[in-house]
Amino acid sequence: DIDLHIRSGETIGIIGGMGPLAAADLFEKIIFHTKASCDQDHLRTLIDSNCGIPDRTEAILHGGADPVPELTASARGLERQGAELLLMACNTAHCYYEAVQSAVSVPVLHMIRLTARALEERGVKTAGLLATDGTVETGIYQRCFAGTGIRLLLPDRAGQRELMDLVYQGVKAGRRDYDAGGAIRAMEDLLRRGAETLILGCTELPLAITQYGIRLPATDPTLELALAAIRQAGAETV
C-alpha cells in the first residue's frame, strides 16, 4: 500500500547504481520538483550508488546472478543511516520489490504502481510500454495496470531489440553519438497503433529522451516516483 502516513521532514533513501545515471536523474527530479526557496527547504536524501547490483534483466532471462542480496543490503544500509522512505531507481528491480520491502521496516515506494495510478487519473486509455526485456518478460507492468482500464501496447520484436540497444549500447555505454533512429521508429509505431503516451519503463529512457532529442508524448515513471517521494516526505511539489 503506497498510501502511507506522511511525517514532515522524512529522509529519502535511493537504492541506485542501476545504472548510476538513473539514480542521479531521480535525485535531480526530486530537487527540481521540491518547492524550496533555499537549501534548507530541500529534503535530506541519501544515495547508495551500488553498481555491484547484478543486472536485473540478465538474472530474469538468463539465470544470471541474483540481485536480491545486493538490493536488500543497500536497503538495510540506507535504513541504518536514517532513511525513512526508500526508492529504487530501476524499473526492472521492482520485480524484486517484495523482497526489498520485507528486508526493511520503512516504506519502499513502488514506481510502477504510482505510474499506473497517475495515468488512470489522467484518463489515459492506451499506452505504449517501453521497457527492458526483463521487465516485459515478468509482466510486472501488466499486473500493476490490471483493473485500471488502460491497455498496454508493446513494440514488435524488432522494435524491442532497438529499445534494448538504445538502453545498453546508448545510455549505459555513455555514447552521446548513438544513433537512436531505430528506437524512435519503434516508438512512433506504438503511437500509430493507438498509444496516447509512451511509458518510459526503464530508468535509462528518460535520459535517452533528453540525450538524443526525442520529442514524442511520454510518461516518465522516474518523475512519478520523485513527485510521490517529495509528498511522502512532507514537502510540496512544483
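Please refer to the structure placed before this passage.
Structure report, in brief. (Residues numbered from 1 in each chain as written. Predicted model: local features only at pLDDT ≥ 70, side-chain atom pairs only at ≥ 80, totals over all residues. Heavy atoms only, no water.)

Another point: the sheet that holds strand β6 (residues 197–201). One key point about sheets: their strands pair by backbone hydrogen bonds, in either a parallel or an antiparallel sense. Reading across the sheet, the four strands line up as β5-β4-β6-β7 and stay open at both edges, with parallel pairing between neighbours. One side of each edge strand has no neighbouring strand; the edge strands of this open sheet are β5 (151–153) and β7 (218–219). The pairing of strand β4 (residues 126–131) with β5 spans three bridges and is parallel. Residue pairing in the sheet places Gly 128 in a bridge with Leu 153 of β5. (Pairing = 2+ DSSP bridges. Helix = DSSP H or I, 4+ residues; strand = E, 2+ residues; numbered from the N terminus.)

A word on the nonpolar core. Counting residues in each nonpolar core, the largest one holds 21 residues, and the members touching the most others are Leu 130, Leu 166, Met 187, Leu 190, Leu 205 and Tyr 212. Those elements giving two or more residues to this core turn out to be α8 (157–171), α9 (181–192), β6 and α10 (205–211). Beyond its immediate chain neighbours, meaning those up to four positions away, Tyr 212 contacts Leu 166, Gly 170, Val 171, Arg 175, Arg 176, Tyr 178 and Ala 180. (Core = buried A, V, L, I, M, F, W, Y, C linked by side-chain atoms within 4.5 Å. Buried < 20%, exposed > 50% of the residue type's maximum accessible area, 1.4 Å probe, protein only. Contact = heavy atoms within 4.5 Å.)

Turning to the packing of helix α5 (residues 111–121) against helix α11 (residues 221–232), a few remarks are in order. Interhelical geometry of α5 versus α11 gives an angle of 95° and a closest axis separation of 9 Å. Classed by the angle they form, the pair α5 and α11 counts as roughly perpendicular. Note on element contacts: α11 touches α5 through Pro 221, Thr 222, Glu 224, Leu 225 and Ala 228, opposite Met 111, Leu 114, Thr 115 and Ala 118. Split into classes, the residues belonging to the contact of α5 with α11 amount to six nonpolar, two polar and one charged. (Axes fitted to C-alpha atoms, helices over the stretch in contact; angles between N-to-C directions. Parallel < 35°, antiparallel > 145°, perpendicular 65-115°, else oblique. Nonpolar A, V, L, I, M, F, W, Y, C, P; charged D, E, K, R; others polar.)

Along the chain, the position of Thr 92 falls in the loop between β3 (85–88) and α4 (97–103). Look at Thr 92 and you get buried, because its relative accessible area is 5%. Side chain to side chain, Thr 92 and Thr 132 meet in a polar contact 3.0 Å long. (Polar contact = N/O pair within 3.5 Å; in protein donor to acceptor, adjacent residues only side chain to side chain.)

On to the pairing of β6. Across the five residues that make up β6, a large majority, five, are buried. Burial along β6 is two-sided: the face carrying Thr 197, Ile 199 and Gly 201 and the face carrying Leu 198 and Leu 200 are both buried. Pairing analysis gives two bridges linking β6 to β7, with the strands arranged parallel. Following the sheet pairing, Ile 199 is matched in β7 by Thr 219. As for the winding sense of the linkage, the β-α-β connection from β6 through α10 to β7 is right-handed. (Right-handed = clockwise from strand over helix to strand, strands pointing away.)

On inspection of all chains with the given rule, the structure shows nine salt bridges. Of the charged contacts in the structure, one is a salt bridge between Lys 35 and Glu 236, with a shortest N-O distance of 3.9 Å. Placement of Lys 35 in the loop between α1 (20–32) and β2 (45–49) and of Glu 236 in the segment after α11 is noted, with a sequence separation of 201 residues between them. Of the charged contacts in the structure, one is a salt bridge between Lys 172 and Glu 204, with a shortest N-O distance of 3.3 Å. A residue pair is termed long-range when its members are at least 10 positions apart, and Lys 172 in the loop between α8 and α9 and Glu 204 in the loop between β6 and α10 qualify at 32 residues. Lys 172 sits in the partly exposed class, given a relative accessible area of 33%. For Glu 204, a relative accessible area of 3% gives the class buried. (Salt bridge = Lys/Arg side-chain N within 4 Å of Asp/Glu carboxyl O.)

Strand order across the open sheet formed by three strands is β2-β1-β3, with parallel pairing between neighbours. At either end of the open sheet lies a strand with only one pairing partner, and these are β2 and β3. Across this sheet, the average inter-strand angle for adjacent strands is 20°, counted without regard to direction. Packed on one face of the sheet, α1 meets β1 (12–16), β2 and β3 and runs near 155° to β1. Together, β1 and β3 form the strand contacts of α11, whose direction differs from that of β3 by roughly 175°.

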